[in-house]
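Structural characterization, general
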Amino acid sequence: MAATQKKVIVIDSKSVFTKILEDAGSKHVLVEFFATWCGPCAMIGPRLEQLANEYSTRLIILKIDVDENEELALQYDVTGMPTFVIIKNGVTLIQFVGSNPEKIVSVVEKYVGKVEDNKPGKPSSATGTASVSAPAANRGSSN
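Residues numbered from 1 in each chain as written. Predicted model: local features only at pLDDT ≥ 70, side-chain atom pairs only at ≥ 80, totals over all residues. Heavy atoms only, no water.

A look at the side chain of H28
With respect to the helices, strands and loops of the structure, H28 is situated in strand β2 (residues 28-34). Looking at H28, its side chain comes within polar contact range of the main-chain oxygen of Y111, at 3.1 Å. Non-local contacts of H28, meaning those with residues more than four positions away in its chain, are made with R58, L59, I60, I86, I87, K88, L93, Y111 and V112. (Helix = DSSP H or I, 4+ residues; strand = E, 2+ residues; numbered from the N terminus. Polar contact = N/O pair within 3.5 Å; in protein donor to acceptor, adjacent residues only side chain to side chain. Contact = heavy atoms within 4.5 Å.)

Spelled out as structure tokens, the structure:
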């Protein structure tokens, strides 16, 4: 049952939002301001769930319904939807509007890193191989 649990958190009040930001520590927080009547907002939902799973150790993803949380929408000057904000340590790093999945991934990679950087113990492909094989090759060489 835990495997099917959604990782994107829907915020229902400013106090919950503030608490999550405080508890985030050094994690980045991606906030989507959306509306239930916004078609592009609904279309980007599955991609946000995927990002939440891929970046679970480094990124918290929140959704805020602007019609239910007008105070937060005003605080972040939301004028179009979906509006995305990346916050770290209580500071807004970037804010942008639009539902282009490639742009969202690109911005997340810029601020949080690539998905493969998230996998512990994964050696980097080029440097790991070169540093191991070069000394072995030099040992067997007569030059």
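This is not the end of the story, as more comes after the structure.
Some remarks on the packing of aromatic side chains
In total, this model carries three aromatic pairs according to the counting rule given. A ring pair is formed by F17 and Y76, whose centres lie 5.9 Å apart and whose planes are at 90°; its orientation type is edge-to-face. Here the residue F17 occupies a position in helix α1 (residues 14-23), and Y76 occupies one in the loop between α3 (70-75) and β4 (83-88), the gap between them amounting to 59 residues. Neither residue differs from the other here; F17 and Y76 are each classed as buried. When the ring of F33 is compared with that of Y76, the centres are 5.6 Å apart and the planes differ by 40°; the resulting orientation is tilted. Separated by 43 residues along the polypeptide, F33 in strand β2 and Y76 in the loop between α3 and β4 bring together distant segments of the chain. A connected cluster of aromatic rings, assembled from ring pairs, spans F17, F33 and Y76. (Phe/Tyr/Trp six-rings, centres within 6.5 Å; stacked < 30°, edge-to-face > 60°. Buried < 20%, exposed > 50% of the residue type's maximum accessible area, 1.4 Å probe, protein only.)

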